[in-house]
Every structure is written in structure tokens, then in C-alpha cells.
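# A closer look at the structure
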2 protein chains.
Amino acid sequence: MSYHLNSWRDGAAKQAILDFVNRVSDKSSPDFVPPSERIAVFDNDGTLWSEQPFYFQGLFVLDRVRALCDKHPEWKTTQPFQAALERDWKTLAGFGEKGLLELVMATHGGMTTDEFTAVVNDWLATARHPQTRKPFTEMIYQPMLELLDYLRANDFKTFIVSGGGIEFIRTFSERVYGVPPEQVVGSSIITQYEVRDGKPTLARLSQLNFLDDREGKPVAINQHIGRRPIAAFGNSDGDFQMFEWVNGGSGAGFCMLLHHDDAEREFAYGKESAAGRLDRALAEAPDRGWTVISIKNDWRRVYVADTMQKNS
Amino acid sequence: MSYHLNSWRDGAAKQAILDFVNRVSDKSSPDFVPPSERIAVFDNDGTLWSEQPFYFQGLFVLDRVRALCDKHPEWKTTQPFQAALERDWKTLAGFGEKGLLELVMATHGGMTTDEFTAVVNDWLATARHPQTRKPFTEMIYQPMLELLDYLRANDFKTFIVSGGGIEFIRTFSERVYGVPPEQVVGSSIITQYEVRDGKPTLARLSQLNFLDDREGKPVAINQHIGRRPIAAFGNSDGDFQMFEWVNGGSGAGFCMLLHHDDAEREFAYGKESAAGRLDRALAEAPDRGWTVISIKNDWRRVYVADTMQKNS
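Okay, so let's go over this structure. (Residues numbered from 1 in each chain as written. Chains lettered and ligands numbered in written order. Predicted model: local features only at pLDDT ≥ 70, side-chain atom pairs only at ≥ 80, totals over all residues. Heavy atoms only, no water.)

## Comments concerning the pattern of salt bridges
Per the stated rule, a full pass over the model turns up 34 salt bridges over all chains. A salt bridge links Arg-23 of chain A to Asp-31 of chain A, with the shortest nitrogen-to-oxygen separation between them at 3.3 Å. On the accessibility criterion, Asp-31 of chain A (30% relative accessible area) is partly exposed. Residue Asp-239 of chain B is joined to Lys-217 of chain B by a salt bridge in which the shortest nitrogen-to-oxygen separation is 2.7 Å. With a gap of 22 residues between them, Asp-239 of chain B in the loop between β6 (231-234) and α10 (240-247) and Lys-217 of chain B in helix α9 (residues 216-224) connect regions that are remote in the sequence. The exposure class assigned to Asp-239 of chain B is buried, which follows from its relative accessible area of 1%. Look at the salt bridges and you will find they share partners, linking Lys-157 and Arg-227 of chain A together with Glu-174 and Glu-182 of chain B into a network. (Salt bridge = Lys/Arg side-chain N within 4 Å of Asp/Glu carboxyl O. Buried < 20%, exposed > 50% of the residue type's maximum accessible area, 1.4 Å probe, protein only. Helix = DSSP H or I, 4+ residues; strand = E, 2+ residues; numbered from the N terminus.)

Given below as C-alpha cells:
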């Protein structure tokens with residue numbers, strides 16, 4: 001089985017990846033890192049799959065609000081539920097992160113972990129992106145899949161470290177990214193152990209346990225992985241502290257920032273968008289030695305589905 | 001490299017292990033489990049190393065109270081610190097889990113994660129067990145090391161799931177048990193990301209984040225591993241719910257309970273001891289299909305140091 005970066009165009013970004021992997025894998029290099037310490041962390045939304053017009057888990061939340069609204073007639077006249085039901089993006093945006101969290105709590109709790117997994121699997125199998133009409137799991141980036149494979153072929157352990165829900169991502173991470181559930185780190189709600197009619201269950205409560213974003217990412221990495229990654233991949237200021245943490249170790253510390261600048265094949269956004277702001281990360285990248293990936297210039301192909309179609 | 005269970009005497013316990021591993025590894029068996037799902041979880045205190053006269057991390061706490069008491073003159077006359085300073089076991093026991101937690105918070109917080117790791121490493125290198133005078137990392141069980149190796153040789157991923165501190169155990173788990181930090185699950189205190197003089201750090205606060213015991217174990221397993229283990233090893237009622245959770249899956253679900261019944265080579269305790277109570281687990285083991293390991297009858301050797309001495 002050969003590993004390649006075929007969907008990457010030759011250029012500074014691809015070369016930086018090859019150089020870094022050579023540097024840490026070569027036993028005679030001063031930057032050599034033993035395999036057990038080769039930990040790479042990947043943000044998910046906007047780094048491994050798209051996040052426009054809204055985080056895909058956010059679209060799941062809106063669909064769940066619709067699915068559950070018969071049981072909650074008050075939602076039709078209560079915010080932020082009313083805006084969610086009406087897909088009133090402007091009003092929704094006005095409620096910010098707090099509003100989104102309220103919707104998440106109302107739709108992600110009140111069931112067991114097994115029930116939640118079934119709901120997510122069902123949604124992933126049937127829901128379609130509002131613009132591309134593709135299943136969401138076909139809007140993952142082919143070049144990033146190749147990068148995951150390439151790192152693993154060089155004895156890296158690849159982790160997802162996402163602001164998204166840990167149990168949401170785990171439903172598809174192994175199948176789609178080759179990242180097993182135990183290597184997914186994310187935001188979570190509180191669960192509670194209960195034996196119901198003799199059957200042990202984990203009940204999901206409508207209470208936030210941990211928000212894995214910004215300053216939360218180094219905290220979650222330490223809690224979950226217990227050692228400092230040597231490589232990090234992200235696309236927004238939500239990844240800033242994760243990059244800073246990866247850079248703060250004694251070794252190499254390789255960081256790459258994905259810049260969404262391809263309106264034709266994907267989306268072009270940044271400063272002007274609520275999702276994926278990266279003002280600070282992009283501004284400080286040169287001084288901090290972070291490599292910027294331009295989707296427009298560095299990627300030959302964008303979505304995995306494109307490859308699948310071309311290969312078929 | 002050959003893997004063996006040489007320190008296990010032939011008998012029901014050893015046979016149960018061999019049968020289980022054959023059953024889940026044999027592709028033609030109805031109980032076959034794909035390698036990625038072969039997750040085994042191990043309690044630490046009293047399962048991988050001894051826990052008498054007190055949890056070893058508890059002895060670390062008492063040493064830390066002594067080391068820090070000059071900075072806290074009030075401890076000499078304040079409980080539970082006074083009892084800790086005086087090694088007054090009876091009074092300490094009276095404060096129960098709440099008292100122990102108070103001591104943990106006072107001694108485990110107020111420093112960075114790197115500083116804490118250094119303190120633990122120093123303690124492990126110099127401290128000796130009050131009765132055996134051995135370093136604590138020589139009071140790990142040789143038969144359990146062989147079991148860990150044997151499972152890994154059969155494509156199991158081995159995790160520690162302990163009521164002890166996650167960062168405490170991680171300082172020695174890879175070196176001593178071959179379990180990397182990312183496969184250690186335990187109790188934790190809250191950490192906070194801070195950039196100090198340009199250096200990113202994680203500050204340990206004196207606040208409990210999660211207590212990984214009893215009902216907490218299935219919760220932490222789900223949070224950290226994200227799938228149900230197929231094998232669990234423990235020694236007390238603190239492992240009861242973990243066993244129940246492992247048994248509640250669709251597959252095999254193999255559980256073993258270590259019984260400390262060897263006063264001569266290790267310790268004999270159970271119902272009468274504060275550490276490692278196992279009244280309920282032991283009583284229900286036969287009905288639930290849990291295999292009981294008798295240290296006295298099933299183990300040819302106990303501590304790893306014994307083997308090392310014999311081999312040298």
C-alpha cells in the first residue's frame with residue numbers, strides 16, 4: 001500500500017509536510033522523535049470537512065429542533081428556537097455561541113448514548129448539504145485524508161481535537177477518517193450511569209461538560225492524550241492556543257493553518273465570516289512559523305467525492 | 001518475542017484467560033471481535049500494583065503534606081492535615097473519602113502540569129514502601145504484566161481506568177506497564193491554560209474535575225475511549241459498575257476480579273479493609289460470570305521484582 005500526497009500541488013505547503021516528516025522520522029536527524037511520541041492533532045470543522053454555510057453539526061441541531069418541535073410547541077414562539085425553526089440565520093447569529101449552546105443542550109440531551117448515536121447515524125445517512133446536495137461525509141477534504149494516511153504510514157498517531165461534539169464526531173470518524181473513537185477529543189455534555197430494567201446505560205444530560213475550543217483545546221489535549229502533540233492542523237482562531245501549545249514543547253512543533261480562499265471549488269471566507277474566524281492566527285502565522293495552506297493554490301482536488309467520481 | 005503467562009499457575013483463572021482470547025481472536029468463532037474493538041481496561045490500585053497499607057498515591061499525598069507544611073503552619077492544628085502529618089491512620093480513616101480529597105486538592109494543585117510531573121517522578125525515584133522498603137514501581141504484579149503483554153500480542157489495546165489521578169499514573173504507566181499516556185483514564189483536577197512570560201502552561205487548580213470511581217468508571221470509559229471494552233480487570237466494588245458496563249454489550253464481555261488472599265506474599269484483605277472493599281463484587285461474581293483470581297492459588301510469583309531477582 002503506497003501513501004502519497006497526490007491531491008497536493010507541488011509547492012511550499014506540500015514541501016513543508018515532507019520536510020517535517022523526514023526530519024522527525026530520520027534517526028540521524030537532531031529533530032528525530034520516537035514513534036510513540038509522534039502525535040498529530042487535527043481540528044475537524046473547516047480542517048477535515050467543510051463548515052459552510054454553518055458548522056455541519058449546527059445544521060444537525062437545526063434539523064433536530066424541527067424533528068422535536070411537536071413535543072415542544074412553545075419553541076415556535078421562544079428564541080432561539082423560533083429562529084432555528086425558521087432558519088432565520090441573522091437572528092440566530094445574534095444569539096451567538098450562547099444561543100447555539102442552548103439549542104445543542106435541548107437537542108443532544110435527554111437520551112442514552114446509544115440512542116444519540118442512532119439519531120446521528122440516521123441523519124448522516126439521509127441529510128444533504130443545502131448547497132451542494134451532497135451527503136456531509138462526502139464533503140471531507142481528499143488532501144487531508146491523504147495527509148492523515150501519510151502521517152500514519154510514518155508511525156504518527158492521528159487525533160481529532162474539535163470544538164464539535166465528541167460523540168457526534170465518533171459516529172463517523174473511524175469509517176470516514178480512519179480515526180478510531182479513542183482518538184477523538186471534542187466538546188461534551190455530562191453523562192450519567194444508570195441501570196434501567198437491568199440494562200446498564202449512559203444517560204445524556206442537557207448540561208455542558210466541556211467546551212473544547214480556544215483555551216480549552218490544550219486542556220483537552222492534556223486531559224485526553226497526556227502528552228504534547230508535535231504537529232497540529234487547524235483553520236481558525238479557535239485553534240490558536242492549540243498551535244501555541246504544540247509550539248511550546250522542546251521539539252519540532254509543526255503547525256499548519258488551512259485558508260479557505262477558493263470560492264469556486266469550496267468557500268472563500270475568513271474575517272467576514274462568523275464560522276472559522278482566523279484574523280489573529282493568519283496575521284501571526286509568519287512570525288510563529290506556521291505554514292498557511294491555500295485551498296486555491298495548494299490543492300489539486302478538494303472533496304473526496306471528486307476523486308471517487310473520477311476514479312469510478 | 002514470545003508472550004507467556006508463566007507466572008500464572010495452571011487452573012481455572014489462567015484457562016479462562018486463554019479461552020477468552022482464543023474465542024475473540026479466532027475468525028471462525030461466533031465470538032470473534034475485530035482487532036480495533038479489542039479494548040481491555042485495567043483498574044490500577046490493587047489490580048496492577050499493591051494498595052496496602054494505603055493507596056500508594058495516598059502515601060504520596062502524606063509525603064507532600066509533610067514537604068509543604070512549612071509553608072502552611074496552620075496544618076499542624078487543622079484536620080485532616082494534622083492527622084496526615086502525624087500518620088494518624090485511625091483519625092484519617094474517619095475523614096473518609098472527603099478528607100482524602102481535601103488533602104489531594106491541597107497538595108496536587110497550585111503548580112503547572114510539568115512541575116507536578118517532576119514532583120511525582122522525584123517521589124517515585126526516592127520513596128520506599130513502609131513495610132517492604134521497595135520502590136513502589138517494584139510492587140507491580142508480574143502476572144498482570146504478562147497478561148498485559150499477552151493481550152497486546154493478540155491485538156488488544158490496553159487501558160488503565162483508575163480512581164487514582166490520571167497525571168500521577170501517567171508519569172510511570174508507559175515505562176512500567178507499557179501503557180502510553182493516551183491510554184490512561186483516571187480522576188483529575190481542573191487545569192487552566194495560561195501563557196506565562198510567553199510560555200504556554202497548564203496550571204493545576206485545587207478543584208476536582210472528575211472522580212473516576214464506581215459509577216464514574218463507565219462514564220469516563222465512554223468519554224475517553226468512546227467504545228465499550230470487551231474485557232475488564234479489577235479488585236474492588238469501585239470496579240463493579242465498570243464490570244457491569246463491560247457485560248452489558250452485545251459481545252463477549254470478560255471480567256476478572258483479583259482477590260487479595262495471600263498474607264504471606266502480598267496482603268490479605270477484603271471486607272475488613274477500607275481500601276479495596278469488594279463485598280458486593282465478590283458475592284455476585286458467580287452469578288454474573290466473573291472469574292475470581294486468587295493471588296494465593298493462581299499466581300506462581302507476585303511482584304515483578306521477584307522475577308527480576310530470580311533472573312539476575
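## Regarding the interface of chain A and chain B
The partner chain B presents 38 residues to the 38 residues of chain A that form the contact. At the boundary of chain A with chain B, total buried surface from both sides reaches about 2,900 Å², with 48% on carbon and sulfur atoms. Of all residues in chain A, Glu-182, Tyr-193 and Gln-223 of chain A give up the largest surface area on contact with chain B, accounting jointly for 23% of the area buried on that side. For the pair chain A and chain B, the interface holds six salt bridges. Summed over the shared surface of chain A and chain B, the number is 21 residue pairs in polar contact (both at pLDDT 80 or more). At the level of secondary structure, the elements contributing two or more residues to the side of chain A that touches chain B comprise α5 (113-126), β3 (157-165), α7 (166-170), β4 (184-196), β5 (199-210), α9 (216-224) and α10 (240-247) of chain A. A per-class count over the side of chain A that touches chain B returns 13 nonpolar, 14 polar and eleven charged. (Contact = heavy atoms within 4.5 Å. Buried area = accessible area lost by both parts, 1.4 Å probe. Polar contact = N/O pair within 3.5 Å; in protein donor to acceptor, adjacent residues only side chain to side chain. Nonpolar A, V, L, I, M, F, W, Y, C, P; charged D, E, K, R; others polar.)

## Considerations on the relation of the copies chain A and chain B
Between chain A and chain B, which share one sequence, the superposing operator has a rotation angle of 180° and an axial displacement of 0.0 Å; the RMSD is 0.0 Å. Those values place the two copies in the arrangement expected of a two-fold rotation axis. The position closest to the rotation axis in chain A is occupied by the C-alpha of His-224 of chain A, lying 3.3 Å away. Here 100% of the contact residues of chain A are again contact residues in chain B; the copies associate through an equivalent surface. (Least-squares fit on C-alpha atoms with pLDDT ≥ 70 in both.)

## So, the packing of aromatic side chains
All names here are of chain A. Overall, the coordinates contain 46 aromatic pairs over all chains when judged by the stated rule. Between Trp-75 and Phe-81 the ring centres are 4.5 Å apart and the planes differ by 5°, which places this aromatic pair in the stacked class. In this structure, Trp-75 and Phe-81 share a single accessibility class: buried. Arranged with centres 5.3 Å apart and planes meeting at 75°, the rings of Phe-240 and Trp-290 form a pair that is edge-to-face. (Phe/Tyr/Trp six-rings, centres within 6.5 Å; stacked < 30°, edge-to-face > 60°.)

## Here's the deal with unusual backbone geometry
All names here are of chain A. In this structure, the amide linkage connecting Gln-52 to the following residue, Pro-53, adopts the cis form with an omega of 5°. Residue position: Pro-53 is located in the loop between β1 (39-42) and α2 (56-68). Between Gln-79 and Pro-80 the backbone carries a cis peptide bond, its omega angle lying at 5°. As for its placement among the helices and strands, Pro-80 is situated in the loop between α2 and α3 (81-85). Positive phi is not limited to glycine here, since Asp-155 has a value of about 70°. Along the chain, Asp-155 turns up in the loop between α6 (142-153) and β3. Phi at Asp-197 takes a positive value of approximately 50°, unusual for a residue other than glycine. Note that Asp-197 resides in the loop between β4 and β5.

## Describing the pairing of strand β7 (residues 254-259) of chain B
All names here are of chain B. Burial analysis of β7 places five of its six residues in the buried class, which makes it a mostly covered element. Handedness of the crossover is the feature at issue here: the chain leaves β6, passes through α10, returns alongside β7, and the resulting connection is right-handed. Sheet topology places β7 next to strand β8 (residues 291-294); four bridges connect them, and they run parallel. The residue of β8 that forms the bridge with Leu-258 is Ile-293. (Right-handed = clockwise from strand over helix to strand, strands pointing away. Pairing = 2+ DSSP bridges.)

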